[in-house]
Amino acid sequence: MEMEVKRYGAHVLALSYPSQGHINPMLQFCKRLVSKGLKATLLITNFISTSMNPKSTSVRFDTISDGYDEGGFMQAANVQAYLETLQSAGSKSLSELLDKYKKSGIPIDCVIYDAFCPWALDVTKEAGLVGAAFFTQPCAVNYIYYYAYHGLLTLPVDSGSLPVSIPGLPLLELQDLPSFIYVHGSYPAYFKLVLNQFLKVEKADYIFVNTFYKLEVEMVDTMSKLIPLITIGPTIPSFFLDNEDENDKEYGLNLFHLGSSNPIITWLNTKPKGSVVYVGFGSMANLSEDQMEELAWGLKESNYNFLWVVRDSEEAAKLPKNFAQKMAGKGLLVTWSPQLEVLSNEAVGCFFSHSGWNSTIEALSLGVPMVVMPQWTDQTTNAKLVQDVWKVGIRVRVDEKGVVGREEIEYCIREVMEGNRGKEMKDNAMKWKGLAKEAVSEGGTTDKNIDQFVSKLSTSSS
Ligand code: UDX
């Protein structure tokens, strides 16, 4: 029998890795825990807290130092320097914070740490608290890293070891592996970061993964035999999944761009159902000038309406001259979009994306088929799953110069927006949408998993 949750439940402190793609799902997870009776405080870095508008009606915020309070990651000499300082300054800051909370009326019972910050588990355990790891990326990607971490993958992967066979996954060619493996040795600091997610993970009391069970059944079952995983996704406000709970609509931690989303939605509302291609590449990807140009002409040639997030003036400078003005009416270029509202809008027929995990699970959960143009990290593997496992999209082909040409872009958009193949992808996307909603609805796999965690934590901390 489930334990009754205390009215003033246990207090969790959630430490996110300082980037948009990690903060968004952690915030949503915190919101869900609060809705189940816990208190939650989301920890972000001092720099991020000054460059964004951290607001939530239900989750508290607090800050730690990553050692670069004035400029964050951009201030560091390189990735390795940043990660080392994040660990040293972050550990000290976290330890002081736990102490501060201990003396306050709201001590921390559990630290949920982003698996990109495994050092937080040491601090948590030294303080005698419950520790939970949070994996932002899909189970399939985590499993590939797990394999590599335990030396089960021969690195570097060469033509002799292809395709790579990992239980529960389709056979993987080089381009399907996460890019840190695919371009082995090119990003040593990031490669270490993704493998170190498993550092002492067996000491964690809970291991959460931002996916839902029916999306990755085989993967979750296979990996759970090795480490006990708990699926808690999709971390999307329930309003977008069922249109019912108006109170659970808030989602934006818009890190760098503040402002109203209304003009975008107003524009979408003038467009016919399924007529708009939404183009966005998350918060980090930088396309080359050639690629931006090919994309621009490919969109134009497809003749569909499009909404394109071009993040800043540096990116905008890569566009063909006066492109935005020339396309006025047909195409809207913005520096930031309210992505969940956009994906939920009937006018959107297809999402042209980098297959970042949040964008992917958001599109799947909102029933939007995709064209995927992965750039790096987990995106390459996500793209494989989108096309060949979930069958909700198509992956672009890169030419011999490393660019995706305008004809290919136009072709892929047409494949998804029209014809039988496109219809199948839309039907599949709608199936995943239903299953995502089922997972988080009362009694669904995610909902039960979260209930069990809340119940256990509330019992152990009472
Ligand atoms: C990064 C990695 O690149 C990604 O591959 C990994 O899985 C998570 O961390 P990012 O590149 O920012 O994330 O992409 P993504 O995972 O898609 O996350 C972006 C988030 O910002 C999404 O939640 C998306 O809804 C939101 N967003 C992005 C907006 O709300 N508006 C925008 O205009 C762009």
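About the cut-offs
- Residues numbered from 1 in each chain as written.
- Predicted model: local features only at pLDDT ≥ 70, side-chain atom pairs only at ≥ 80, totals over all residues.
- Heavy atoms only, no water.
- UniProt positions renumbered as here; feature names shortened; annotations may be inferred.
- Helix = DSSP H or I, 4+ residues; strand = E, 2+ residues; numbered from the N terminus.
- Rg over C-alpha atoms; globule rule 2.2 N^0.38 Å.
- Contact = heavy atoms within 4.5 Å.
- 1 Å grid on protein atoms, 1.4 Å probe; cavity = no way out; pocket = protein on both sides within 12 Å on 5 of 7 lines; lining within 4 Å.
- Points joined across faces, edges and corners; volume = space filled by probe spheres on them.
- Nonpolar A, V, L, I, M, F, W, Y, C, P; charged D, E, K, R; others polar.
- Pairing = 2+ DSSP bridges.
- Axes fitted to C-alpha atoms, helices over the stretch in contact; angles between N-to-C directions.
- Domains from an automatic or database assignment.
- Buried area = accessible area lost by both parts, 1.4 Å probe.
- Salt bridge = Lys/Arg side-chain N within 4 Å of Asp/Glu carboxyl O.
- Polar contact = N/O pair within 3.5 Å; in protein donor to acceptor, adjacent residues only side chain to side chain.
- Near = heavy atom within 4 Å.
- Areas by Shrake-Rupley, 256 points an atom, 1.4 Å probe, with all protein chains shown as cover.
- Buried < 20%, exposed > 50% of the residue type's maximum accessible area, 1.4 Å probe, protein only.
- Right-handed = clockwise from strand over helix to strand, strands pointing away.

- Named according to an unreviewed UniProt entry, the protein chain is Glycosyltransferase originating from Panax ginseng.
- Looking at the protein chain in UniProt, the text filed under Pathway (unreviewed entry) is "Secondary metabolite biosynthesis; terpenoid biosynthesis."

### Some details on the overall build of the protein chain
Phase 1: Counting its secondary structure elements, the protein chain contains 19 helices and 13 strands.
Phase 2: Taking 462 residues into account, the globule formula puts the C-alpha radius of gyration at 23 Å, and the protein chain, at 22 Å, falls close to it.
Phase 3: Each of the three principal axes of the protein chain carries a C-alpha extent, and together these read 60 × 55 × 45 Å.
Phase 4: Long-range pairs, those at least 24 residues apart, make up 69% of the contacts in the protein chain with a sequence separation of at least 6.

### A short note on empty space enclosed by the protein
Phase 1: Scanning the entire structure with this criterion turns up one cavity of 30 Å³ or more.
Phase 2: Lining the largest cavity, in full, are Phe 281, Gly 282, Ala 285, Leu 287, Met 292, Trp 308, Val 309, Val 310, Arg 311 and Glu 315.
Phase 3: Counted by class, the lining of the largest cavity contains seven nonpolar, one polar and two charged residues.

### Observations regarding the sheet that holds strand E7 (residues 230-231)
Phase 1: If you trace the seven strands from one edge of the open sheet to the other, you get E3-E2-E1-E4-E5-E6-E7, paired in parallel fashion. A strand with exactly one partner marks an edge of an open sheet, and here the two such strands are strand E3 (60-64) and E7.
Phase 2: Two strands pair when backbone bridges link them, and strand E4 (residues 110-114) and strand E5 (residues 130-135) are joined in this way by five bridges, in the parallel orientation. Across the sheet, Val 111 pairs through a bridge with Gly 131, a residue of E5.
Phase 3: Where helix H1 (residues 20-35) meets the sheet, its contacts fall on strand E1 (11-15), strand E2 (39-45), E3, E4, E5 and strand E6 (206-209), and the angle it forms with E2 comes to roughly 165°.
Phase 4: In the packing of helix H3 (residues 79-103) onto the sheet, the strands contacted are E1, E2, E3 and E4, and the crossing angle to E3 comes to about 135°.

### Section: the domain arrangement of the protein chain
Phase 1: Domain annotation for the protein chain reports domain 1 (10-251 + 440-461) and domain 2 (261-436).
Phase 2: On a C-alpha basis, the centres of domain 1 and domain 2 stand 26 Å from each other.
Phase 3: With 35 residues of domain 1 at the interface, the matching set in domain 2 holds 28 residues.
Phase 4: Summed over both sides, the interface of domain 1 with domain 2 buries roughly 2,700 Å², with 66% coming from carbon and sulfur.
Phase 5: At the surface where domain 1 touches domain 2, the tally comes to two salt bridges.
Phase 6: The tally of links from domain 1 across to domain 2 stands at 10 residue pairs in polar contact (both at pLDDT 80 or more).
Phase 7: Secondary structure elements with two or more residues in the side of domain 1 that touches domain 2: H1, helix H5 (139-149), helix H6 (179-182) and helix H9 (238-242).
Phase 8: Among the elements that make up the side of domain 1 that touches domain 2, the one with the highest residue count is H5 (four residues).

### With respect to the sheet that holds strand E13 (residues 393-395)
Phase 1: Spatial ordering of the open sheet is given by E10-E9-E8-E11-E12-E13, a layout of six strands whose pairing is parallel. Of all strands in the sheet, those bounded by a partner on one side alone are strand E10 (331-334) and E13. Neighbour to neighbour, the strand axes of the sheet diverge by 15° on average, direction disregarded.
Phase 2: Pairing between strand E11 (residues 348-353) and strand E12 (residues 370-372): three bridges, direction parallel. Paired with Ser 353 across the bridge in E12 is Val 372.

### Observations regarding the site of the ligand
Phase 1: Around the ligand sit 20 residues, and of these Ser 283, Ser 337, Ser 359, Glu 362 and Asp 378 come closest.
Phase 2: Residue Ser 283 places a side-chain N or O atom 2.5 Å away from an oxygen atom belonging to the ligand.
Phase 3: Measuring from an oxygen atom of the ligand, one finds a side-chain N or O atom of Asp 378 at 2.5 Å.
Phase 4: For the ligand, whose free accessible area comes to 660 Å², the fraction covered by protein is 97%.
Phase 5: Secondary-structure elements contributing two or more residues to the shell around the ligand are H1 and helix H15 (357-365).
Phase 6: Looking at the shell around the ligand residue by residue, the class counts come to three nonpolar, 15 polar and two charged.
Phase 7: A domain-level breakdown of the shell around the ligand finds at least three residues from each of domain 1 (10-251 + 440-461) and domain 2 (261-436).

### So, the layout of surface pockets
Phase 1: In this structure, the second largest pocket encloses a volume near 540 Å³.
Phase 2: Tyr 182, Pro 374, Gln 375, Val 398 and Gly 402 are the residues nearest the centre of the second largest pocket, which is lined by 21 residues in total.
Phase 3: Partitioned by chemical class, the residues of the lining of the second largest pocket number 10 nonpolar, nine polar and two charged.
Phase 4: When residues of the lining of the second largest pocket are sorted by domain, at least three fall in each of domain 1 (10-251 + 440-461) and domain 2 (261-436).

### A closer look at the environment of Leu 215
Phase 1: Residue position: Leu 215 is located in the loop between E6 and helix H8 (217-224).
Phase 2: On the accessibility criterion, Leu 215 (5% relative accessible area) is buried.
Phase 3: When neighbours within four sequence positions are excluded, Leu 215 is seen to be in contact with Trp 357, Ile 361, Leu 364, Trp 390 and Trp 432.

### Notes on the pairing of E5
Phase 1: Of all six residues making up E5, five are buried, and the element is well covered by its neighbours.
Phase 2: Taken together, E4, helix H4 (residues 119-126) and E5 constitute a β-α-β crossover, and its handedness is right-handed.

### Describing the pattern of salt bridges
Phase 1: In the structure shown here, the tally under the stated rule is 18 salt bridges.
Phase 2: A salt bridge links Lys 36 to Asp 447; its shortest N-O distance comes to 2.6 Å. Taken together, the residues span a long stretch of sequence, with Lys 36 in the loop between H1 and E2 and Asp 447 in helix H19 (residues 445-460) at a distance of 411 residues. One exposure class covers both Lys 36 and Asp 447, and it is buried.
Phase 3: For the salt bridge of Arg 414 with Glu 410, the shortest nitrogen-to-oxygen distance reads 3.2 Å. Here Arg 414 and its partner Glu 410 are both found in helix H17 (residues 406-417), four residues apart, which amounts to about one turn of the helix.

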